[in-house]
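Architecture and fold: a report
Here is how the chains run, residue by residue.
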Amino acid sequence: DTAVSQTPKYLVTQMGNDKSIKCEQNLGHDTMYWYKQDSKKFLKIMFSYNNKELIINETVPNRFSPKSPDKAHLNLHINSLELGDSAVYFCASSQGSGGGNEQFFGPGTRLTVL
Amino acid sequence: GENVEQHPSTLSVQEGDSAVIKCTYSDSASNYFPWYKQELGKRPQLIIDIRSNVGEKKDQRIAVTLNKTAKHFSLHITETQPEDSAVYFCAARPRGNTNAGKSTFGDGTTLTVKP
């Protein structure tokens, strides 16, 4: 069974469109995250939810809106896509939100904005 | 906030040699330091981690050392093999509820092991 899964794996879309990426974890973890990995491979945290509550919200354009319907799911909706949004987006989860909790990453969603 | 610097950005070694990657952090509240390996086109995966109450940890060919006073930690890979070729990331996470859950990652080191 896949521990952290994301859909879709690839997403190619035009500038200005709205798209969503879904993430699910079956590990029973309390905390979920979204990371962005750009073309230089830099890995930056975007959001974190603990028990469906937003606990980390980095300096991310408000075109990005996370939603956590339950502890096992964290979705990312992006409005008015721009060229600079092209990246690989990773979802991750951990047992808790504090230090010492290993993060498990999903397979990533490669978003290409044309 | 936390700032993590990682060096070198690229590292090329011969098979069988050792590889060392170094990271420094700025926030003394950080107490958990994981290392991730990311193979081409794959997800980052934890390979080893260390907590601030420990100075060194070893797992087969991989070891991590932590110097809390100097705020730096290092990854050591011995007897490198071609399958060790990947991008390696260090990270630092704070204790308690301050910025809870927020891992700050280094910029990554691309390790190439030549057969």
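Refer to the structure above for everything that follows.
Computed from a prediction, not measured in an experiment: that's the story for all the values here.

Here we come to the pattern of salt bridges. All names here are of chain A. Inspection of the entire model under this criterion finds 8 salt bridges over all chains. The shortest N-O distance in the salt bridge between D30 and K71 comes to 2.7 Å. One end of the pair, D30, is in the loop between β3 (19-25) and β4 (31-37); the other, K71, is in the loop between β7 (64-70) and β8 (73-78), with 41 residues separating them in the sequence. In this structure, the salt-bridge partner of E82 is R63, at a minimum N-O distance of 3.5 Å. Taken together, the residues span a long stretch of sequence, with E82 in the loop between β8 and β9 (87-94) and R63 in the loop between β6 (53-57) and β7 at a distance of 19 residues.

All names here are of chain B. Ordered in space as β1-β3-β8-β7-β6, the 5 strands form an open sheet in which the pairing is antiparallel. Either end of the sheet is taken by a strand with one partner, and the two such strands are β1 (4-7) and β6 (56-59). Within the sheet, the average angular offset between the axes of one strand and its neighbour, ignoring direction, is 15°. In terms of strand pairing, strand β7 (residues 62-67) meets strand β8 (residues 72-77) through 6 bridges, oriented antiparallel. Looking at the pairing, A63 lines up with H76 of β8.

Now for the state of the cysteines. Residue and element names in this part refer to chain B. Taken as a whole and judged by the stated rule, the model has 2 disulfides over all chains. One disulfide bridge connects C23 with C90, the sulfur atoms lying 1.9 Å from each other. Residues C23 and C90 are joined through a disulfide that is left-handed, its torsion about the S-S bond being -100°. In this pair, C23 sits in strand β3 (residues 19-25) while C90 sits in strand β9 (residues 86-94), placing the two residues 67 residues apart along the sequence. On the basis of relative accessible area, C23 is assigned to the buried category, the value being 1%.

Here the focus is the environment of E24 of chain A. All names here are of chain A. For E24, the position within the fold is in strand β3. What makes E24 partly exposed here is its relative accessible area of 37%. The spacing of E24 and N75 is 51 residues in sequence and 8.4 Å in space, taken between C-alpha atoms. The residues touching E24, leaving out its near neighbours within four places in the chain, are A3, V4, S5, A72 and H73.

Cut-off values and rules
- Residues numbered from 1 in each chain as written.
- Chains lettered and ligands numbered in written order.
- Predicted model: local features only at pLDDT ≥ 70, side-chain atom pairs only at ≥ 80, totals over all residues.
- Heavy atoms only, no water.
- Salt bridge = Lys/Arg side-chain N within 4 Å of Asp/Glu carboxyl O.
- Helix = DSSP H or I, 4+ residues; strand = E, 2+ residues; numbered from the N terminus.
- Pairing = 2+ DSSP bridges.
- Axes fitted to C-alpha atoms, helices over the stretch in contact; angles between N-to-C directions.
- Disulfide = S-S within 2.5 Å.
- Buried < 20%, exposed > 50% of the residue type's maximum accessible area, 1.4 Å probe, protein only.
- Contact = heavy atoms within 4.5 Å.

Functional significance is not addressed by these values, which are geometric in nature.
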